[in-house]
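Chain residues, written in single-letter form:
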Amino acid sequence: WTRPQEDSVVETHVFEAFKDYLNRYLDLVENAEAETDAGKLKDIADRQMSYLKYRAEKDPARGMFTRMYGAEWTETYIHDFLFDLEQKMDVGLYQVGKKLDCETPLNFLPTKVSTAGVSGSVATGAAATQTVYFANKKPWDM
């Protein structure tokens, strides 16, 4: 992590790199094809489970949470909230390769980022995301 000495570096070079990266990611998502091979789906699930188990065991916030909330709360939070995918798959809530059921989907379609015609300072952090995706609207307002 680094902190630039001048905001202009973030407002120009860093923000441009962010937009380029985001646009490339959106291209990738737009062109992605669903995986249907059962063997590959099992491999994906196995690898995801291995990753989640590793993250749960090595969670860097464990010490801080334990000091603040106690060991029991911390372990419940880590295993039953942050890294609970295996439990949810075991009871059939999630299935690899299947979309999640959603009673009230957000009316949300990401669009490619453009700052053409935008004047003033460039939003940063969460404000930038909200400006780009939600046009200053919260999901619950849509």
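The structure contained in this document is the topic of the report that follows.

The rules we used
In every chain, residue numbers begin from 1 and rise along the written sequence. The model is predicted, so local features are restricted to residues of pLDDT at least 70 and side-chain atom pairs to those at 80 or more, both for listing and for counting; the totals for chains, interfaces and linings are taken over all residues. Just so you know, side-chain values use all the structure's heavy atoms and leave hydrogens and water out. Under the pairing criterion, centres of Phe, Tyr and Trp rings, with the six-membered ring standing for Trp, must be within 6.5 Å; the plane angle then separates stacked pairs below 30 degrees from edge-to-face pairs above 60, leaving the rest tilted. Secondary structure elements are taken from DSSP: a helix is a run of H or I of four residues or more, a strand is a run of E of two residues or more, and numbering for both begins at the N terminus. Any residue under 20% of the maximum accessible area for its type is buried, any over 50% is exposed, and the rest in between are partly exposed; the area is computed with a 1.4 Å probe on protein chains only. Here the expected length of a helix is defined as 1.5 Å per residue gap, with one fewer gap than residues. The directions from the helix axis to the C-beta atoms form the arc being described. Under the rule applied, a polar contact is a pair of N or O atoms within 3.5 Å (in protein, one hydrogen donor and one hydrogen acceptor; residues adjacent in sequence only if both atoms are side-chain atoms). As defined here, a cavity is a set of points on a 1 Å grid over the protein atoms alone where a 1.4 Å probe fits but cannot get out. A pocket is an open set with protein on both sides within 12 Å along at least five of seven lines, and residues line them when an atom is within 4 Å of a point. Grid points are joined across faces, edges and corners, and a volume is the space filled by probe spheres set on the points. Following the grouping adopted for this structure description, the nonpolar residues are Ala, Val, Leu, Ile, Met, Phe, Trp, Tyr, Cys and Pro, the charged ones are Asp, Glu, Lys and Arg, and the polar ones are all others, Gly among them.

### Regarding the packing of aromatic side chains
Next up, step 1: In total, this model carries 7 aromatic pairs according to the counting rule given.
Next up, step 2: A ring pair is formed by Phe65 and Tyr69, whose centres lie 6.3 Å apart and whose planes are at 40°; its orientation type is tilted. In this pair, Phe65 and Tyr69 are both assigned in helix α3 (residues 62-69), 4 residues apart and thus about one turn of the helix distant.
Next up, step 3: Residue Phe65 is classed as buried on the basis of its relative accessible area, which comes to 15%.
Next up, step 4: Between Tyr69 and Trp73 the ring centres are 4.4 Å apart and the planes differ by 45°, which places this aromatic pair in the tilted class.

### Description of helix α2 (residues 38-57)
Next up, step 1: Taking 1.5 Å per residue, 20 residues should reach 28 Å; α2 reaches 29 Å between its end C-alpha atoms and fits that length.
Next up, step 2: Buried within α2 are the following residues: Leu41, Ala45, Met49, Leu52 and Ala56. All buried residues of α2 lie within an arc of 75° about the axis, which places them on one face of the element. In α2, the exposed residues that point more than 90 degrees away from the buried face are Arg47 and Glu57.
Next up, step 3: Two or three places before Gly39, at the opening of α2, Asp37 has a side-chain oxygen 3.1 Å from that residue's backbone nitrogen.

### Comments concerning the layout of surface pockets
Next up, step 1: Roughly 240 Å³ of internal volume is contained in the second largest pocket.
Next up, step 2: Looking at the second largest pocket, it is lined by 14 residues, and the ones nearest its centre are Ile44, Gln95, Val96, Gly97 and Lys98.
Next up, step 3: When contributions to the lining of the second largest pocket are tallied by element, the ones reaching two or more residues are α2 and α5 (85-90).
Next up, step 4: It is α2 that contributes the most residues to the lining of the second largest pocket, 4 residues altogether.
Next up, step 5: Among the residues forming the lining of the second largest pocket, the class breakdown is 9 nonpolar, 3 polar and 2 charged.

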